Amino acid sequence: MKSIFTLIALTFFFYSCDTNPNTEENIEPTTNYQEIGDSISTISQQTLLMNVGREIKSGGPVQAIDFCNLNASVLMDSLSKAHNVKISRVTSKPRNSSNTATNFELELLKSLESSDLMDTVVTHDKQVTYYKTIRLGMPTCLKCHGIPGTDISEETLDVVQLRYPKDNATGYHLGDFRGAWKIQFED
Ligand code: HEC
């Protein structure tokens with residue numbers, strides 16, 4: 001009697017071992033958009049920070065603004081090509097108007113700002129897009145996005161206004177919510 005139970009148990013054991021790999025093979029591999037979006041946005045942020053830091057060191061914020069004005073989107077385009085995605089940043093208070101959030105994104109930014117959530121993946125019409133919160137996490141950010149006259153020098157402000165006459169991106173404090181990275185995946 002005991003051996004029959006053992007046999008049943010063993011059969012069941014081998015049966016399950018045998019079917020498991022097949023079941024796994026049948027599952028479609030799913031892309032982890034959150035993980036990929038997180039690492040692409042981290043790389044993009046590091047690339048921008050590295051370049052801005054180098055320019056500030058060699059010629060102060062004024063030189064760094066000229067650099068961003070000419071190269072921020074070029075850098076994002078080449079990173080986008082390398083990763084087969086479209087990388088950008090969106091905000092409700094843009095410096096560069098091409099970073100203006102859509103109405104849908106404005107709502108999304110509000111919920112990112114008011115929640116503890118750092119990032120989210122949105123699927124719309126088969127288009128998958130990853131968003132990650134950007135905060136003014138370093139005192140350096142204030143040199144160009146802080147309070148004019150206090151954090152931002154007159155000289156820097158002049159160049160900002162020359163390059164971006166419709167600038168909306170000042171008056172921030174350290175730690176403030178600034179917008180989000182946006183990573184659009186190819187379908
Ligand atoms: C040297 C000045 C400078 C510093 C320092 C700086 N920024 Fe900016 N920032 C700019 C300029 C110039 C642009 C517009 C770039 C463009 O034309 O695409 C910009 C654009 C942005 C944008 C895109 C949205 C928009 O308004 O166009 C975000 C988000 C942003 N900055 C966040 C930050 C954060 C966070 C820091 C600190 C880690 C920071 N910036 C530091 C000058 C600066």
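Quick notes on the rules
- Residues numbered from 1 in each chain as written.
- Predicted model: local features only at pLDDT ≥ 70, side-chain atom pairs only at ≥ 80, totals over all residues.
- Heavy atoms only, no water.
- pLDDT = per-residue confidence, 0-100.
- Helix = DSSP H or I, 4+ residues; strand = E, 2+ residues; numbered from the N terminus.
- Contact = heavy atoms within 4.5 Å.
- Polar contact = N/O pair within 3.5 Å; in protein donor to acceptor, adjacent residues only side chain to side chain.
- Donors = N, O, S within 2.8 Å, 3.2 Å for Na, K, Ca; no water.
- 1 Å grid on protein atoms, 1.4 Å probe; cavity = no way out; pocket = protein on both sides within 12 Å on 5 of 7 lines; lining within 4 Å.
- Points joined across faces, edges and corners; volume = space filled by probe spheres on them.
- Nonpolar A, V, L, I, M, F, W, Y, C, P; charged D, E, K, R; others polar.
- Phe/Tyr/Trp six-rings, centres within 6.5 Å; stacked < 30°, edge-to-face > 60°.
- Lys NZ or Arg CZ within 6 Å of the ring centre and 35° of its normal.
- Near = heavy atom within 4 Å.
- Sits in = over half its atoms within 2 Å of the grid points.
- Pairing = 2+ DSSP bridges.
- Axes fitted to C-alpha atoms, helices over the stretch in contact; angles between N-to-C directions.

(A) Molecular detail of the confidence of the model for the chain. Here the chain shows a mean pLDDT of 89. Residues at 70 or above account for 85%. When pLDDT is averaged over each helix and strand of the chain, the minimum, 50, is found for helix H1 (residues 2-26) and the maximum, 98, for strand E4 (residues 177-185). Counting contacts from residues 10-19, a segment whose pLDDT is below 50, to residues more than four positions away or on other chains yields zero contacts.

(B) Highlighting the side chain of Ser-44. Inspection of the secondary structure puts Ser-44 in helix H2 (residues 33-83). Among the polar contacts listed, one links the side chain of Ser-44 to the backbone oxygen of Ile-40, at a separation of 2.7 Å. With near-sequence residues (within four places) excluded, Ser-44 lies in contact with Met-76, Leu-79, Ile-87 and Trp-181.

(C) The arrangement of the coordination of the iron atom of the ligand in detail. Donation to the iron atom of the ligand from the protein comes from one atom only, His-145 (NE2), at 2.1 Å. Looking at the element boundaries, His-145 is found in helix H4 (residues 139-145).

(D) Structural detail: the layout of surface pockets. Of the volumes computed, that of the largest pocket is approximately 1200 Å³. Residue lining of the largest pocket: 45 residues in total, with Leu-48, Cys-68, Ala-72, Arg-89 and His-145 positioned closest to the centre. Only H2, strand E1 (85-90), strand E3 (127-135), H4 and E4 provide two or more residues apiece to the lining of the largest pocket. Per-element accounting of the lining of the largest pocket gives the leading share, 15 residues, to H2. For the lining of the largest pocket, a count of residues per class yields 20 nonpolar, 17 polar and eight charged.

(E) The packing of aromatic side chains, seen in detail. Here the structure, examined in full by the defined rule, presents one aromatic pair. In this structure, Arg-89 is placed above the aromatic ring of Trp-181, and the distance from its NZ or CZ to the ring centre is 5.6 Å. Across the ring face of Tyr-172, the terminal group of Lys-93 is positioned such that the distance to the ring centre comes to 4.3 Å.

(F) Looking closely at the site of the ligand. The environment of the ligand is formed by 23 residues, the closest being Arg-95, Cys-141, Cys-144, His-145 and Tyr-164. One of the side-chain N or O atoms of Asn-99 is found 2.7 Å from an oxygen atom in the ligand. A distance of 2.7 Å separates an oxygen atom of the ligand from a polar side-chain atom of Arg-178. Judged by the fraction of its atoms near the pocket grid, the ligand is located in the largest pocket.

(G) Highlighting the sheet that holds strand E2 (residues 119-124). Taken in spatial order, the four strands of this open sheet run E1-E4-E3-E2, and their pairing is antiparallel. With one partner strand each, in any of the chains shown, E1 and E2 form the two edges of the open sheet. The sheet shows a mean angle of 20° between the axes of neighbouring strands, direction not considered. Note that E1 and E4 share six bridges and pair antiparallel. The residue bridging Val-85 from the neighbouring strand is Phe-185, located in E4. The sheet strands contacting helix H3 (residues 103-114) are E1, E2, E3 and E4, and the helix crosses E4 at an angle near 120°.

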